[in-house]
Amino acid sequence: MTAVTDAAAPAETAAETAAERRERVKRERYYSASQWTLIWWRFRRHRAAIVAGAILALMIVLGLFAEFFAPYGTSERNRAYLSGPPQAPMFCDDNGCSWRPFVHGTRTERDPVTLRSRAVPDPETRNYVALFVPGEPARLLGAIPIQTRLFGLQNGERLHLWGTDAQGRDVFSRTLYATRTSLTIGVAGVLISFVLALAIGGVAGYAGGWIDSAIQRVTEVVRVIPVIPLYMGLAAAMPKEWSSTQVYFAMTLILGLFGWPTLARRIRSQLLSIRDEDYVLAARLAGARPARIITAHMLPSFTSFIIVDLVISFPYMILAETALSFIGLGLRPPAVSWGVMLQQAQSIAAIEQAPWLFIPAGFVVLAVLAFTVLGDGLRDAADPYSEAR
Amino acid sequence: MARFLIERGFGMILTLFLVSIMVFFIMELPPGDYAERYAFRKYSGTGVTMTEADVQAIRAQLGLDAPAPVRYLDWIGGIVTRGDFGPAYAFDTSVNNIIGDKVWLTLGLLFATLIITYAVSIPVGIYAAVRRGSAADYGLTVFSYLGLALPNFLLALVLLYFANRWFGASVGGLFSADYAEAPWSAGKFWDLVKHLWLPALVLAWSALAYQIQTVRATMSDEIGKLSVTAARARGVPEARLLIKYPARLAINPVVSTIGFDVNRIFSELPIVAAVLGLTELGDLLLKSYLDLDMNVAGAILLMLTVVIVVMNFVSDLLLAWLDPRIRLGG
C-alpha cells in the first residue's frame with residue numbers, strides 16, 4: 001500500500017488521466033470492500049489452495065452422485081474376474097487401431113505355480129467402452145431413480161478401471177461410494193464437535209472465573225487421553241449386533257464427541273480477549289442475554305478463524321475414521337469407507353499380489369493434503385494483516 | 001520455583017484423578033459385564049448350562065454387584081495402594097501378569113521415537129530457517145505436508161514391504177524368533193535395538209514433520225531480531241551466534257509440546273503395532289478391545305495417559321529451566 005489516505009480520494013481534478021482514474025477506482029473498491037470480499041480476494045491469489053478446493057469439490061461431486069459415476073454397486077460381484085488387475089481403456093493393440101476406446105475381454109486360466117484360477121486378458125476379443133450405458137436400477141441422492149451409468153461396456157461385459165478385489169467387486173465403484181461415506185463422516189464429525197466447542201468454549205470464555213477453570217480442567221482431561229485409543233474404546237463398546245447404519249451414526253457421534261477440545265480452547269481464548277470490549281458491555285447493558293451476546297456480537301469478530309479451524313480439523317476426522325475402520329473397530333461391511341476398503345490391503349502379500357487395492361489410500365492422502373492446503377490458504381486469506389489484496 | 005512445582009504437581013494429580021474416572025467410564029461402556037463375559041468364556045461349548053442365577057453368583061463372588069462408585073474405589077484403590085490392576089478374564093490371569101515387561105518395551109519404543117524426532121527435527125528445522133527459500137527448504141515443506149497426509153499405518157506397510165525385500169524376512173516385530181521368548185540378555189537387547197528403528201521411524205514420522213515446521217517458523221522469526229544483528233555486528237562467528245541466540249528460543253515450542261508428541265505417538269501406537277506385529281502395549285490394547293477385556297484395556301489406557309501427563313509435567317519443568325521468563329513469571 002502507498003501512503004494515500006481516504007482524504008486524498010475525492011481529489012478529482014480535470015488533470016486526472018485514465019490510468020490514474022483506474023487506479024483510484026481500484027483503491028476505492030478496496031477500501032469499501034466487505035471483510036468477506038477482502039478474504040475472497042486474498043484467497044484467490046493462493047493458487048495451491050484453489051487447486052485443493054477444486055480437488056475437494058470434485059471428490060464431493062463424485063461421492064454425492066456415486067450412483068451415476070460408479071458403473072457398479074458396492075456389492076455387485078464379477079465372479080469371472082476375481083482379484084483382477086486394472087483394465088486401462090486403449091485405442092490400439094496388436095490387431096490394429098480403433099477410433100473407440102476398448103478393453104480386452106478376459107478368460108480364466110489356472111496359474112501354473114499356485115494352481116489358483118485367475119483372470120487373464122484375452123487379446124482376441126475387444127469390448128468397447130461406451131457412455132451412458134444401462135446398469136442396475138439405483139436411486140440418485142436416495143430419491144431419484146436412475147438406471148443409466150456414466151460409462152461402462154456394452155453387451156453386459158464389465159469394465160474394471162481399477163481392478164477388482166478378492167470377491168470380484170469393482171474397486172473403482174467402491175472407491176467412489178467410500179468417498180461419500182468417508183467425507184460425510186468427516187463433515188458430520190466436524191459439525192458435532194463444532195457445536196460442542198461453541199457451547200463449551202463459549203460458556204468458558206464468556207463466564208470466566210471458576211466456571212472457566214473447571215471447564216479448562218475437563219478439557220485438559222479429554223485432551224490428555226490419546227485420541228485413537230479413546231476412540232477405540234468407545235468403538236469397541238458398540239454392540240456387535242448393530243447394523244452398519246447404526247454403527248455409521250455411532251462413529252460420527254464418537255468422532256464428534258471428542259473432537260472439540262482444540263476448537264473450544266480457541267473460541268474460549270478469543271472470547272476472553274474481547275469480553276471486556278465496550279460494545280460487549282453495551283450489549284449487556286441493553287439487556288441482551290449471554291447466548292445472544294456471544295453469537296450475535298462476539299462470534300462474528302472471529303468467524304473467519306473458526307472456519308479455518310474447522311477446515312483444518314477435517315483431516316484428523318478422516319484419518320481417525322480410516323484408522324479405526326482399518327483395524328476393524330470402525331465401520332463394518334457392507335458399509336464401504338476408505339478404511340474398510342484398506343482392510344483388504346493389510347499385508348505384504350496384498351502389496352505384492354494386488355497393489356490396486358491400495359488406490360483408496362491415494363484418496364485418503366489426496367483428501368487430507370487438499371484439506372490441509374485449503375486450510376492454509378484460508379488462514380492466510382482470513383488474516384487481515386497479511387499483505388496481499 | 002517451589003511454588004511453581006507444587007502448583008503443577010497438584011494440577012497433575014487432579015488431572016490424573018479425573019482421567020481415572022473417565023477410563024473407568026469407558027471400561028463400563030460395553031454392554032454386559034465382566035461376570036457375563038467370564039461365564040461365557042469359561043463355559044461356552046462345555047455343555048454346562050449357565051442360568052442367570054449362576055452369573056449372579058459369579059458377580060457376587062467377584063464383587064461386581066456393588067454400585068459403580070464402590071467398584072471404582074475398589075479398582076483405583078488396588079492400583080494406587082498395591083499396583084494391582086485386577087483380573088483379566090480373557091486370558092484367565094491377572095492384568096499385571098499379562099502386561100508384565102511390555103510396559104518397558106513400550107517406554108523403550110517411546111523414547112527411541114522421541115530421540116529420533118528431536119535429533120532430526122531441531123537441526124533440520126534450524127537449517128531450513130537459515131536457508132529459507134532454498135530447494136532444501138521447499139523439499140522439507142512438501143515433506144511436512146506428507147507427514148500429516150500419509151497415514152502412518154500405510155507408511156508402515158510400505159516400509160515393511162521394502163525392508164522385507166532388502167533385509168530379509170525378520171523385519172517386523174520387536175524381536176527375532178530366537179530371542180522372543182528368551183530371558184533378557186545383552187544379545188536380546190541388541191536384537192531389540194536392531195528391530196526398534198523401523199517402528200520408531202514410523203511413529204516419529206508425523207511428529208517429525210510437525211516439529212520441523214515449528215522449529216523453522218520460530219527460528220525464522222528469531223533470526224530477524226535485533227539481538228542477532230547486534231551479535232553479528234560484534235563479530236560473533238555465525239555458527240555460535242545461531243546457537244546462542246535464535247536456536248535457544250526456537251526449541252522452546254518443541255519442548256512445550258513434548259507431552260503433545262507423546263500423546264500423538266501413543267495415539268498411533270495400536271495401529272502401527274497391528275501392522276508391524278509389535279508385541280507391546282498398543283498391540284495388547286487393540287487385542288483386549290477386540291476381546292472386550294476391559295480390565296486390560298482400562299489398565300493400558302490409564303498407563304499411557306499417566307505417561308502423557310508425566311511427560312507434560314516434565315516438559316513444563318524443562319521449559320521453566322530453559323526459559324527464565326516462564327520461571328519468574330510463574
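Not measured: the values here are computed from a predicted model. (Residues numbered from 1 in each chain as written. Chains lettered and ligands numbered in written order. Predicted model: local features only at pLDDT ≥ 70, side-chain atom pairs only at ≥ 80, totals over all residues.)

Draft legend 1. Spotlight on the overall build of chain B. Helices and strands together make up the secondary structure of chain B, namely 16 helices and two strands. Its C-alpha atoms give chain B principal-axis dimensions of roughly 85 × 55 × 35 Å. Sorting the 330 residues of chain B into buried and exposed places 36% on the buried side. (Helix = DSSP H or I, 4+ residues; strand = E, 2+ residues; numbered from the N terminus. Buried ≥ 20, exposed ≤ 12 C-beta atoms within 10 Å, placed from the backbone.)

Draft legend 2. Highlighting the overall build of chain A. Along the backbone of chain A there are 15 helices and four strands. Here chain A has a C-alpha radius of gyration of 27 Å; the compact-globule value for 389 residues is 21 Å, and the former is much larger. Reported as C-alpha extents along the three principal axes, the dimensions of chain A are approximately 80 × 65 × 40 Å. Per-residue burial over chain A gives 37% buried out of 389 residues. Relative to all contacts within chain A whose residues are 6 or more apart in sequence, the contacts with residues 24 or more apart total 71%. (Rg over C-alpha atoms; globule rule 2.2 N^0.38 Å. Contact = placed C-beta atoms within 7 Å.)

Draft legend 3. Structural view of the domain arrangement of chain A. All names here are of chain A. In terms of domains, chain A is made up of domain 1 (71-168) and domain 2 (174-382). Computed over C-alpha atoms, the centres of domain 1 and domain 2 are 38 Å apart. Taken together, the contact between domain 1 and domain 2 spans nine residues of the former and ten residues of the latter. Its residues placed into classes, the side of domain 1 that touches domain 2 shows four nonpolar, four polar and one charged. (Domains from an automatic or database assignment. Nonpolar A, V, L, I, M, F, W, Y, C, P; charged D, E, K, R; others polar.)

Draft legend 4. Quick look at the environment of Val306 of chain B. Residues and elements named next belong to chain B. Considering the arrangement of structural elements, one finds Val306 in helix 15 (residues 294-322). Classification of Val306 by C-beta neighbours within 10 Å gives partly exposed; the count is 15. Measuring from C-alpha to C-alpha, the distance between Val306 and Leu16 comes to 7.0 Å, with 290 residues separating the pair along the chain.

Draft legend 5. Broad picture of the environment of Glu36 of chain B. For Glu36 of chain B, the location among the structural elements is in helix 2 (residues 34-43). Here the alpha-carbon distance between Glu36 of chain B and Ile58 of chain B, two residues 22 residues apart in the chain, equals 8.5 Å.

Draft legend 6. The arrangement of the interface of chain B and chain A in detail. Every contact between the two is made by 38 residues of chain B and, on the other side, 31 residues of chain A. If you list the elements that add at least two residues to the side of chain B that touches chain A, you get helix 1 (2-28), helix 7 (135-149), helix 8 (152-167), helix 13 (258-276), helix 14 (281-290) and helix 15 of chain B. Among the elements that take part in the side of chain B that touches chain A, helix 13 of chain B stands out by supplying eight residues, more than any other. Taken together, the residues of the side of chain B that touches chain A sort by class into 32 nonpolar, five polar and one charged.

Draft legend 7. Quick look at the packing of helix 12 (residues 303-326) of chain A against helix 15 (residues 359-382) of chain A. All names here are of chain A. Remark: helix 12 packs on helix 15, axes separated minimally by 8 Å, with the N-to-C direction vectors making an angle of 165°. Here helix 15 runs roughly antiparallel to helix 12, going by the angle between their axes. Crossing hand, helix 12 versus helix 15: left-handed. Together, Ser304, Phe305, Ile307, Val308, Val311, Ile312, Phe314, Pro315, Ile318, Leu319 and Thr322 of helix 12 and Val364, Ala367, Val368, Phe371, Thr372, Leu374, Gly375, Leu378, Arg379 and Ala382 of helix 15 make up the contact between the two elements. (Axes fitted to C-alpha atoms, helices over the stretch in contact; angles between N-to-C directions. Parallel < 35°, antiparallel > 145°, perpendicular 65-115°, else oblique. Left-handed = near helix turned anticlockwise from the far one by under 90°.)

Draft legend 8. Structural context of unusual backbone geometry. For the peptide bond that leads from Pro333 of chain A to Pro334 of chain A, omega is 10°, which places it in the cis range. The residue Pro334 of chain A is located in the loop between helix 12 and helix 13 (338-342) in this model. The phi dihedral of Leu292 of chain B falls on the positive side, at around 55°, and the residue is not glycine. Relative to the helices and strands, Leu292 of chain B resides in the loop between helix 14 and helix 15.

Draft legend 9. Broad picture of the environment of Glu280 of chain B. Considering the arrangement of structural elements, one finds Glu280 of chain B in the loop between helix 13 and helix 14. Glu280 of chain B sits 161 residues away from Ala119 of chain B along the chain, and the two C-alpha atoms are 24 Å apart.

Draft legend 10. A look at the nonpolar core. With 157 residues, the main nonpolar core has Tyr231 and Ala320 of chain A together with Val272 and Ile300 of chain B as its most contacted residues. Every residue in contact with Ala320 of chain A, bar those within four places of it in the chain, is listed here: Val227, Ile228, Tyr231 and Leu255 of chain A. (Core = buried A, V, L, I, M, F, W, Y, C linked by C-beta atoms within 7 Å.)

Draft legend 11. Up close: helix 13 of chain B. All names here are of chain B. Remark: the principal bend of helix 13, roughly 45°, maps to Leu269, with a proline, Pro270, within the next four residues. With 18 of 19 residues buried, helix 13 lies mostly within the body of the structure. Looking one or two places after helix 13, you find Gly277, whose phi comes out positive at around 65°. (Bend = angle between axes of the 7 residues up to and from the residue.)

Draft legend 12. A look at helix 15 of chain A. Between its first and last C-alpha, helix 15 of chain A extends 34 Å over 24 residues, near the 34 Å set by a 1.5 Å rise per residue. Most of helix 15 of chain A sits inside the fold, with 17 of its 24 residues counted as buried. (Expected span 1.5 Å × (residues − 1).)

Draft legend 13. Summary view of the confidence of the model for chain A. Residue and element names in this part refer to chain A. Of the residues in chain A, 94% have a pLDDT of 70 or more, and the chain-wide mean is 83. When mean pLDDT is taken per element in chain A, helix 3 (residues 47-64) scores highest with 91 and helix 14 (residues 348-353) scores lowest with 76. Throughout residues 1-5 the model reports pLDDT below 50, and contacts reaching past four residues in sequence, or to other chains, amount to one contact. (pLDDT = per-residue confidence, 0-100.)

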